[in-house]
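So you can see what is in the structure, the chains are spelled out below.
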Amino acid sequence: MPIFLPASIQTPSDALTPRQIVAELDKYVVGQAAAKRAVAIALRNRMRRQKLAPELAEEIAPKNILMIGPTGVGKTEIARRLARLAQSPFVKVEASKFTEVGYVGRDVESMVRDLVELAVDMVRDERIEEVRQKAAENAEERLLDVLLPPPRPVPPGSDGVVVGDVQTQTRERIREQLHEGRLDQRVVELEVREKSFPSFEIIAGSSVEEVDINLKDMLPGLFQGRTKKRRLKVPEALEYLTQEEEQKLIDMDSVGRTAVERVEQAGIIFLDEIDKIAGREGSHGPDVSREGVQRDILPIVEGTTVNTKYGMVRTDHILFIAAGAFHVSKPSDLIPELQGRFPIRVELEPLGRDEFIRILTEPRSALVKQYIALMDTEDITIRFTDDAICCIADFASIVNERTENIGARRLHTVMEKLLDEISFEGPDLDVKDVTIDAAYVTKMLADIVKNDDLSRYIL
């Protein structure tokens, strides 16, 4: 998706159509076609808005999405993969963290500050990539100066040209030895900045979250000018000098401005557990604070200006994706103003046996592939037969039906219990080739699944 921002990197994802976005999400998330379709349209609309005249683009607000579905069906994963696909700043926050019974929770504006900090890291990494070659060259020259100090001034009447030529030849020989790794065991002495000095911060405003003035930034000469000598091996010294040169070549003011603009135009905030702050009408006690949190979140979603360390950030065009199981409450329990700010609502389907089979095998980071790779690090080859996969899916769906339905997360507990013996005995096994079939799965899990009380605690 094109994000026409200063110094932003254009990627192949810029031209993705909604159908292609869904295809990309299919590689990581099984099912949930309606939710994928909704986020794909939201992403494409953001790209379309970037191509409009500034006056009209300013008027077009993002169509925020409310995902409704039980836990473990892929709500968070869809939002996370979407942000990675778009290379957008993305932060996941739990709505319930903003209030707890008996005390006030976090300041709701902290979600925007967290997003800006993440965007700054993204932009800094991009800038470091741009200057890495130049920084490496500068660091190498500085290291050569340490390994071969500059010659003393030539006395009058001496042949300075010959001395300079010898110095240059010696320097080039040392450079060759450095490239070939022949100096790796040599120790050099460097002046390094001390990082152990404590950071003093001024709390400006009514809450701890508004800490945005740092004495280390205000008085860099006082706190960051102290250095000490350290003895480092040549590779470590080169790495330290490279990092120092990278920081010198990066304009942090420009990084901050770019990050703020990227957050304003391309940021995505995922508000999880929003159903936990949906108070029922006529309720008392903690529900009052829940409604208060909704009213605090409302201006952030509607569009407001938040003060951050890197400047003021407008939230008008940040895309908000909210999610909740809504077992006890329902979306209509949210205050009407907040409901109106989430015009797109999608219901995610609960997962069953067939989906579990696909989750175990299809995605790029499927659970079966993860465990095969983990055991392979100790030269243990694990093979899962097709009937074993089906049996694992059966057990997971049975436990979900009998106890709490936690969706695909049940597969993690089932797989851990299934491979408990191999994981523990792995390094000491004589036979490093293990085939897991339906009989093995039944042997490891049948007794636990039969006993409801046991499965409730173990699976």
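Located above this text is the structure these notes cover.
Quick notes on the rules
- Residues numbered from 1 in each chain as written.
- Predicted model: local features only at pLDDT ≥ 70, side-chain atom pairs only at ≥ 80, totals over all residues.
- Heavy atoms only, no water.
- Salt bridge = Lys/Arg side-chain N within 4 Å of Asp/Glu carboxyl O.
- Helix = DSSP H or I, 4+ residues; strand = E, 2+ residues; numbered from the N terminus.
- Buried < 20%, exposed > 50% of the residue type's maximum accessible area, 1.4 Å probe, protein only.
- Core = buried A, V, L, I, M, F, W, Y, C linked by side-chain atoms within 4.5 Å.
- Contact = heavy atoms within 4.5 Å.
- Axes fitted to C-alpha atoms, helices over the stretch in contact; angles between N-to-C directions.
- Parallel < 35°, antiparallel > 145°, perpendicular 65-115°, else oblique.
- Left-handed = near helix turned anticlockwise from the far one by under 90°.
- Nonpolar A, V, L, I, M, F, W, Y, C, P; charged D, E, K, R; others polar.
- 1 Å grid on protein atoms, 1.4 Å probe; cavity = no way out; pocket = protein on both sides within 12 Å on 5 of 7 lines; lining within 4 Å.
- Points joined across faces, edges and corners; volume = space filled by probe spheres on them.
- Pairing = 2+ DSSP bridges.
- Phe/Tyr/Trp six-rings, centres within 6.5 Å; stacked < 30°, edge-to-face > 60°.
- Lys NZ or Arg CZ within 6 Å of the ring centre and 35° of its normal.

1. With respect to the pattern of salt bridges
Between side chains of opposite charge, a pair can form when the charged atoms approach closely.
Then comes step 1: Going through the model one piece at a time under the given rule, you end up with 32 salt bridges.
Then comes step 2: The residue Glu244 makes a salt bridge to Arg142 at a minimum N-O spacing of 3.0 Å. Taken together, the positions of Glu244 in helix H9 (residues 234-249) and Arg142 in helix H5 (residues 110-147) put the pair 102 residues apart, joining distant regions of the chain.
Then comes step 3: Assessed through its relative accessible area of 17%, Glu244 is described here as buried.
Then comes step 4: Judged by its relative accessible area of 27%, Arg142 falls in the partly exposed class.
Then comes step 5: For the salt bridge of Asp275 with Lys276, the shortest nitrogen-to-oxygen distance reads 3.5 Å.
Then comes step 6: Looking at Lys276, the relative accessible area reads 39%, which means it is partly exposed.
Then comes step 7: Through salt bridges with shared partners, one network takes in Glu140, Glu141, Asp145, Arg171, Glu172 and Arg175.

2. Some thoughts on unusual backbone geometry
Most peptide bonds take the trans form, and the phi angle of most residues other than glycine is negative.
Then comes step 1: Even without glycine at this site, Gln32 takes up a positive phi of about 55°.
Then comes step 2: By relative accessible area, Gln32 is classed as buried at 9%.
Then comes step 3: Even without being glycine, Glu273 reaches a positive phi, approximately 55°.
Then comes step 4: Note on placement: Glu273 falls in the loop between strand S9 (268-272) and helix H11 (286-302).
Then comes step 5: Residue classification places Glu273 among the partly exposed residues on the basis of a relative accessible area of 25%.

3. Quick word on the nonpolar core
Note on soluble globular proteins: their nonpolar side chains tend to be buried together.
Then comes step 1: Ranked by internal contacts, the top residues of the largest apolar core, which has 64 residues, are Ile321, Phe384, Met415, Leu418 and Ile436.
Then comes step 2: Among the elements that take part in this core, helix H15 (residues 386-402) stands out by supplying eight residues, more than any other.
Then comes step 3: Beyond its immediate stretch of four places on either side in the chain, Ile436 contacts Ile382, Arg383, Phe384, Thr385, Ala388, Leu418, Leu419, Ile422 and Val441.
Then comes step 4: Counting 41 residues, the second-largest nonpolar core is a separate cluster that includes Ala95, Val108, Val116 and Val293.

4. Structural notes on the packing of helix H16 (residues 409-418) against helix H18 (residues 438-450)
Then comes step 1: It is at 10 Å that the axes of H16 and H18 come closest, and there the two elements cross at 115°. The angle between H16 and H18 falls in the class roughly perpendicular. When you trace H16 past H18, the crossing you get is right-handed. In this structure, H16 contributes Val414, Lys417 and Leu418 to the contact, and H18 contributes Tyr440, Val441, Met444, Leu445 and Ile448.
Then comes step 2: Looking at the contact of H16 with H18 residue by residue, the classes come out as seven nonpolar, no polar and one charged.

5. A few points about the layout of surface pockets
Then comes step 1: Estimated volume of the second largest pocket: approximately 650 Å³.
Then comes step 2: Those elements that provide at least two residues to the lining of the second largest pocket are helix H4 (75-86), helix H14 (367-376) and H16.
Then comes step 3: A per-element tally of the lining of the second largest pocket places H4 first, with five residues.
Then comes step 4: Considered class by class, the residues forming the lining of the second largest pocket number eleven nonpolar, eight polar and eight charged.

6. Let's talk about the sheet that holds S9
Then comes step 1: Pairing is parallel across the open sheet formed by five strands, whose spatial order is S2-S9-S12-S1-S13. Of all the strands in the sheet, just strand S2 (90-94) and strand S13 (344-347) have a single pairing partner and so form its edges. On average, adjacent strands in this sheet sit at an angle of 20° to one another, irrespective of strand direction.
Then comes step 2: Both S9 and strand S12 (residues 319-324) contribute to a ladder of four bridges, which runs parallel. Among the inter-strand pairings, Ile268 is bridged to a residue of S12, identified as Leu319.
Then comes step 3: Contacts between H5 and the sheet are confined to S2, S9 and S12, with S2 contributing the most and set at about 150° to the helix.

7. Details of the pairing of strand S14 (residues 381-384)
Then comes step 1: Residues Ile382 and Phe384 point to one face of S14 and are all buried, whereas Thr381 and Arg383, pointing to the other face, are not buried.
Then comes step 2: Bridge count for S14 against strand S15 (residues 433-436) is four bridges, and the pairing is parallel. Bridge pairing in S15 places Ile382 opposite Val434.

8. Brief notes about the packing of aromatic side chains
Then comes step 1: Considering all chains together, one arrives at zero aromatic pairs under this definition.
Then comes step 2: Over the ring of Tyr28 we find Arg81, and its NZ or CZ is 4.0 Å from the ring centre.

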